[in-house]
Each structure stands twice: as structure tokens, then as C-alpha cells.
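# Summary of the model geometry
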Amino acid sequence: MAKGLGEQNREWFARYKDDVKKEGKAFFPRAMLHDTVMGFVVVGVIIGLAVIWYYGAGDSPEGEGLEPGILGPLYAAPAEPGTTDFIPRPDWYFYFLFYLLRIFEWPETVVVATVGIPTVLLVLLLGLPFYDRRRERRPSRRPVAMVAALLTVLSMGVLTYKGATAEESLGSTLIADGVPKEWAEEQGFAGDEQAEAGATLFAQAGCLQCHIYLGFGAGALGAPDLSEIGQTNDAEYFVQYLANPSRFGNNVMGSYSYLGEENLAALGAFLEASKGGESDSDSR
Ligand code: HEC
């Protein structure tokens, strides 16, 4: 005969109370002793690690405490406040979120990636006890929950890996590799000193964190590929644009007027000379 859910629950609760009476352990002193011992173990491990870290690190030629032991150096190299091409990267446990942001590259969808998806998943997880009321706990009998959990772990793993290995175009690396010079060759403005200076600035000023140029850069936040931008406007227009993007309806890009007139003129010349590489060489 089928029992009602309420009756079944009362039966289970009675059995639980019975179990507690027969096999339960008193909180004092037993559970408290366990907690205390475990507390000492955890604190001991932390102190031990701190000691190994402190005495493991040594001095390197660059400075005191910079030579890493097994648990790393005492200090990192001093911060460089004047850098223009620092690309901030999150700690490893945020790589999945970091990569999610790269997938949702359009400004309107950023909030979906940063707030929307994690919040929806968290609410689903918190709500689990309320919408999954079955008593069945064997993994083999819970295919939906198991597949969901596996997919979550798998996608977080993949996103973390992708985030960890994501290439970023660091301005100083590009310049050291002579990439702006290659651009000049490809676009046919080699020898034009102003445009060449503009190309270097372009690599340095972080434009590639949003824009793509001849295959380099991010293509993020809805920024257009600038490889052929010189076909649309002239240097004067670009200077105006860079000094005050919001006047042209661009509220994503900040103003670059802080670079000064000379640098803006160089960037303008560079953008004007950017007519699209390959397609330009056809006409030569
Ligand atoms: C934070 C991201 C971001 C950065 C950094 C950035 N831009 Fe932009 N830029 C954009 C976006 C987005 C647009 C498109 C705006 C639109 O379509 O209204 C744009 C548009 C432009 C345009 C106009 C393109 C057109 O079709 O007329 C030029 C030129 C440009 N950027 C140059 C630069 C240069 C040069 C730099 C570096 C000094 C730079 N941008 C840095 C996001 C960025």
C-alpha cells in the first residue's frame, strides 16, 4: 500500500531520532575535542608553511628576498607605476570568468557574463534542496544532476585553461619583435617617420586591447578592425576622434588627448596610412 509523503517523512524522522539515541555521540566533550584538535592542526600547518616560505626564500642579485624558495619569493619585483602597457590578469581561480568576458565581447553582453551567468548558476545551486525533493542520493539514479555537475566542472576547466593560455598583445613585446615595422612594410608607409612613430604608439598605447590590426589584438568590446581604416577618413579626422571619442558617439574608448598633439598627429598619420596591406599592394 502506498504511503502518503507526510506519513513517510514522519517515519523517517522517527527512525532518525532513534538512531541518534542509540548511536549518537555527545557534543561535549567528544565533538568539541575533535574540533579543537583539528583547529590546532590547521593553524600548525599554516605556521609551518609560513616558516618554510620565510626561511626558504633567499637573496638574489636583484634584491633581498627575491630568490624564490619552494613556496616562492618573499617579495615580487617592485611595481612600476609609470608603465603604459601593463595588462592586468586575474588570479588563476578567476580565469574562467576572465575568459567568459572574452567570449561575451560586446559591451551590452558583458553584464550577462559577469553577473548574469554566475548568478543564475548560483541561484540554481542554492535552490537545489527546494526543487529536488527526492530522497534518492545515489549518483547512478540522478542522471540530470550528474550531467549538470559534470558539465559545470568540465566547462569551468576548459574556461580556466583557455583563460590561462589566452594570448595578449603586450605593447612592449610587439615593439621588441619589430611588429610596428612589419606593419609599415605591409601597409606601404615604411619611411614615413610620422606614421611609423604612430605605429609604435599604437602598439604601446593599448589600442590593441580592443582593436584588431593586421591580425594582432583583441577585437573586444565591439571595436572595429583598423587595418583598413585609412580608406574611410584622413589624419585630421582621426586626431579629432582620438582626442574626444565620445563626441563621435563612442563611449567605450577613452579620450587620448593626454598623449599630446604631436603623438595624436602621429597616430592620425598612422591610421590614415593604414589602407589595408595586401589589397593596397595589388595596386602597386
Ligand atoms: C576600450 C576599448 C578601446 C580602446 C582601448 C581603443 N578603442 Fe578605438 N574604438 C573602440 C570602439 C568600441 C570603437 C567603435 C565605436 C563605434 O562604432 O561607435 C572604436 C572606434 C575607433 C575608431 C573609429 C573607427 C571608425 O570606424 O571610424 C578609431 C580610428 C579608433 N577607435 C582608434 C583607436 C586608437 C588609435 C586607439 C589607441 C590609441 C584606440 N582606438 C583604443 C574601442 C577602443
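Residues numbered from 1 in each chain as written. Predicted model: local features only at pLDDT ≥ 70, side-chain atom pairs only at ≥ 80, totals over all residues. Heavy atoms only, no water.

Counting secondary structure elements, the chain contains 11 helices and four strands. Relative to its length of 284 residues, the chain is extended, with a C-alpha radius of gyration of 30 Å against a globular reference of 19 Å. By principal-axis analysis of the C-alpha atoms, the chain measures approximately 90 × 60 × 35 Å. Expressed as a percentage of its 284 residues, the buried residues of the chain come to 23%. The contacts of the chain with a sequence gap of at least 6 include a subset with a gap of at least 24, amounting to 53%. Just so you have it, the chain exposes about 20,000 Å², and 62% of that area is on carbon and sulfur atoms. The chain carries 22 positive and 36 negative side-chain charges, and their two centres are separated by 30 Å. (Helix = DSSP H or I, 4+ residues; strand = E, 2+ residues; numbered from the N terminus. Rg over C-alpha atoms; globule rule 2.2 N^0.38 Å. Buried < 20%, exposed > 50% of the residue type's maximum accessible area, 1.4 Å probe, protein only. Contact = heavy atoms within 4.5 Å. Areas by Shrake-Rupley, 256 points an atom, 1.4 Å probe, with all protein chains shown as cover. Lys, Arg positive; Asp, Glu negative; His and termini not counted. Charge placed at Lys NZ, Arg CZ, Asp CG, Glu CD.)

Here we take up the confidence of the model for the chain. Confidence along the chain averages 85 in pLDDT terms, with 92% of residues attaining 70 or more. The lowest-confidence element of the chain is helix α11 (residues 278-282), averaging 47 in pLDDT; the highest-confidence one is helix α2 (residues 27-56), averaging 94. Below a pLDDT of 50 lies the segment residues 279-284, which in the model reaches seven contacts outside its immediate sequence neighbourhood of four places, other chains included. (pLDDT = per-residue confidence, 0-100.)

This paragraph deals with the site of the ligand. Neighbouring the ligand are 19 residues; Cys207, Cys210, His211, Asn250 and Met253 lie closest to it. Measuring from a nitrogen atom of the ligand, one finds a side-chain N or O atom of His211 at 2.7 Å. Asn250 has a polar side-chain atom sitting 3.4 Å from a nitrogen atom of the ligand. For the shell around the ligand, the element with the most residues is helix α9 (residues 235-243), which contributes three residues. Across the shell around the ligand, the residue classes tally to 15 nonpolar, four polar and no charged. (Near = heavy atom within 4 Å. Polar contact = N/O pair within 3.5 Å; in protein donor to acceptor, adjacent residues only side chain to side chain. Nonpolar A, V, L, I, M, F, W, Y, C, P; charged D, E, K, R; others polar.)

So, about the coordination of the iron atom of the ligand. Ideal geometry at a metal gives 109.5 degrees between four tetrahedral donors and either 90 or 180 degrees between six octahedral ones. At 1.9 to 2.1 Å from the iron atom of the ligand lie its protein donor atoms, namely His211 (NE2) and Met253 (SD). If you look at the iron atom of the ligand, its six donor atoms make angles of 88 to 178° with each other, and the shape they trace is octahedral. Taken together, the residues His211 in the loop between α8 (193-204) and β3 (212-213) and Met253 in the loop between α9 and α10 (261-272) connect sequence positions 42 residues apart. Grouping residues by exposure puts His211 and Met253 together as buried. (Donors = N, O, S within 2.8 Å, 3.2 Å for Na, K, Ca; no water. Tetrahedral: all angles 85-135°; square planar, octahedral: opposite > 155°, others 65-115°.)

Moving on to unusual backbone geometry. Generally, phi is negative for residues other than glycine and the peptide bonds are trans, each holding for most cases. Cis geometry is adopted by the peptide bond preceding Pro29, which originates at Phe28 and carries an omega value of 5°. Mapped onto the fold, Pro29 is located in helix α2.

Bringing the pairing of strand β2 (residues 63-67) into the picture now. Note: strand β1 (residues 58-60) against β2, two bridges, orientation antiparallel. Within β2, the position partnered with Gly58 by the bridge is Glu67. (Pairing = 2+ DSSP bridges.)

This brings us to the pattern of salt bridges. Counted by the stated rule, this structure contains five salt bridges. Salt-bridge contacts for Asp18 lead to Lys22; the nearest nitrogen and oxygen are separated by 3.8 Å. Of the two residues, Asp18 and Lys22 both sit in helix α1 (residues 5-23), four residues apart, roughly one turn of that helix. For Asp18, a relative accessible area of 39% translates into the label partly exposed. Asp132 serves as the salt-bridge partner of Arg134, at 3.5 Å between the closest nitrogen and oxygen. Each of Asp132, Arg134 and Arg142 takes part in a single network of salt bridges with overlapping partners. (Salt bridge = Lys/Arg side-chain N within 4 Å of Asp/Glu carboxyl O.)

You can read the domains of the chain as domain 1 (10-78), domain 2 (83-166) and domain 3 (171-282). Using only C-alpha atoms to locate each centre, domain 2 and domain 3 end up separated by 36 Å. (Domains from an automatic or database assignment.)

An ideal rise of 1.5 Å per residue puts 16 Å on 12 residues; α8 measures up with 17 Å between its terminal C-alpha atoms. Taken residue by residue, α8 has Ala195, Gly198, Ala199, Leu201, Phe202 and Ala203 as its buried positions. The opening residue of α8, the one whose side-chain oxygen lies 3.2 Å from the backbone nitrogen of Gln194, is Asp192. Immediately beyond the C-terminal end of α8, within one or two residues, lies Gly206, with a positive phi of roughly 85°. (Expected span 1.5 Å × (residues − 1).)

With that settled, the discussion passes to the nonpolar core. In this structure, Trp183, Phe189, Phe202, Tyr213 and Phe270 are the most contacted members of the largest nonpolar core, which totals 28 residues. Put simply, the parts of the chain that give this core at least two residues each are α7 (179-187), α8, α9 and α10. At six residues, the largest contribution of residues to this core is made by α10. Every residue in contact with Phe202, bar those within four places of it in the chain, is listed here: Trp183, Cys207, Leu208, Tyr213, Leu226, Leu267 and Phe270. In this structure, Tyr99, Leu100, Leu159 and Ala166 belong to the second largest nonpolar core, which totals six residues. (Core = buried A, V, L, I, M, F, W, Y, C linked by side-chain atoms within 4.5 Å.)

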